Amino acid sequence: MNSDNVIVYLTSLVAVGIIIVALLTAIFHSAIIVPIVIIGIVLAIFTFFAKGDFSHKIESIEKICFVITLLAIICSFILLYKPM
């Protein structure tokens, strides 16, 4: 196996693990975790259908996820520290 195939395989395993753990958490604890299930499914689909040039696709997805995370943190701080 070449290095790119191993990375795809391991990333797929991580995506499946995220989906399983998030589903269990959503079922047994709280429905707030459901967006993580959706994100895990989307990332799993991206990973399974990635053929050539996998590292560049993952870097693009990583940049998008970074921007989404940054916006979520900013919104969280705004909601947390807004004056009452």
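The structure presented is a predicted model; accordingly, all values stated were derived computationally and were not measured. (Residues numbered from 1 in each chain as written. Predicted model: local features only at pLDDT ≥ 70, side-chain atom pairs only at ≥ 80, totals over all residues. Heavy atoms only, no water.)

Participant: I keep staring at the overall build of the protein chain and nothing clicks. Help me out?
Facilitator: Summing up its helical and strand segments, the protein chain has three helices and zero strands in all. Secondary structure elements of the protein chain, listed N to C terminal, follow the sequence α-α-α. If you take every contact in the protein chain between residues at least 6 apart in sequence, the share linking residues at least 24 apart comes to 43%. Of the roughly 6800 Å² of accessible surface on the protein chain, 78% is carried by carbon and sulfur atoms. (Helix = DSSP H or I, 4+ residues; strand = E, 2+ residues; numbered from the N terminus. Contact = heavy atoms within 4.5 Å. Areas by Shrake-Rupley, 256 points an atom, 1.4 Å probe, with all protein chains shown as cover.)

Participant: Is there a simple way to explain the packing of aromatic side chains in this structure?
Facilitator: Working definition: an aromatic ring pair is given by the centre-to-centre distance plus the angle between the planes. This structure, assessed with the given rule, holds one aromatic pair. When the ring of phenylalanine 77 is compared with that of tyrosine 81, the centres are 6.0 Å apart and the planes differ by 10 degrees; the resulting orientation is stacked. (Phe/Tyr/Trp six-rings, centres within 6.5 Å; stacked < 30°, edge-to-face > 60°.)

Participant: Would you explain helix H2 (residues 34-49) in this entry?
Facilitator: Count 3.6 residues to each turn of an α-helix, and residues three or four apart come out pointing the same way. Compared with the 22 Å implied by 1.5 Å per residue over 16 residues, the 23 Å span of H2 between its first and last C-alpha is a close match. Looking only at H2, the buried set comprises Val37, Gly40, Ala44 and Thr47. One face of H2 carries all of its buried residues, which in axial projection span an arc of 90 degrees. Facing away from the buried surface of H2 by more than 90 degrees, the exposed residues are Ile38 and Phe49. (Expected span 1.5 Å × (residues − 1). Buried < 20%, exposed > 50% of the residue type's maximum accessible area, 1.4 Å probe, protein only. Arc of directions from axis to C-beta.)

Participant: Honestly, the confidence of the model for the protein chain in this entry has me stumped. Any pointers?
Facilitator: Should the pLDDT be low somewhere, the predicted coordinates at that spot are not to be read in detail. On average, residues of the protein chain score 75 in pLDDT, and 83% of them are at 70 or above. Summarising per-element confidence for the protein chain, the mean pLDDT is lowest in H2 (73) and highest in helix H3 (residues 54-80) (80). (pLDDT = per-residue confidence, 0-100.)

Participant: Teacher, can you tell me more about a nonpolar patch on the surface here?
Facilitator: On the surface, Val16, Ile20, Leu23, Leu24, Ile27, Phe28, Ile41, Ile45, Phe48 and Phe49 cluster together into a nonpolar patch covering about 1000 Å² of accessible area. Looking at the nonpolar patch, the elements that each hand over two or more residues are helix H1 (3-28) and H2. Here the element with the most residues in the nonpolar patch is H1; it accounts for six residues. Along the chain, isoleucine 41 turns up in helix H2. (Patch = residues over 30% accessible without salt bridge, like charges linked within 9 Å, V, L, I, M, F, W, Y side chains within 5 Å. Salt bridge = Lys/Arg side-chain N within 4 Å of Asp/Glu carboxyl O.)

Participant: What exactly am I supposed to notice about the environment of threonine 25 here?
Facilitator: With respect to the helices and strands, the residue threonine 25 is situated in helix H1. Look at threonine 25 and you get partly exposed, because its relative accessible area is 28%. Put simply, threonine 25 and valine 37 are twelve residues apart on the chain and 9.6 Å apart in space, counted from C-alpha to C-alpha. Filtering out sequence-adjacent residues up to four positions away, threonine 25 remains in contact with Ser30 and Ile33.

Participant: How should the environment of isoleucine 7 be read in this particular structure?
Facilitator: By secondary structure assignment, the location of isoleucine 7 is in helix H1. The spacing of isoleucine 7 and threonine 47 is 40 residues in sequence and 9.9 Å in space, taken between C-alpha atoms.

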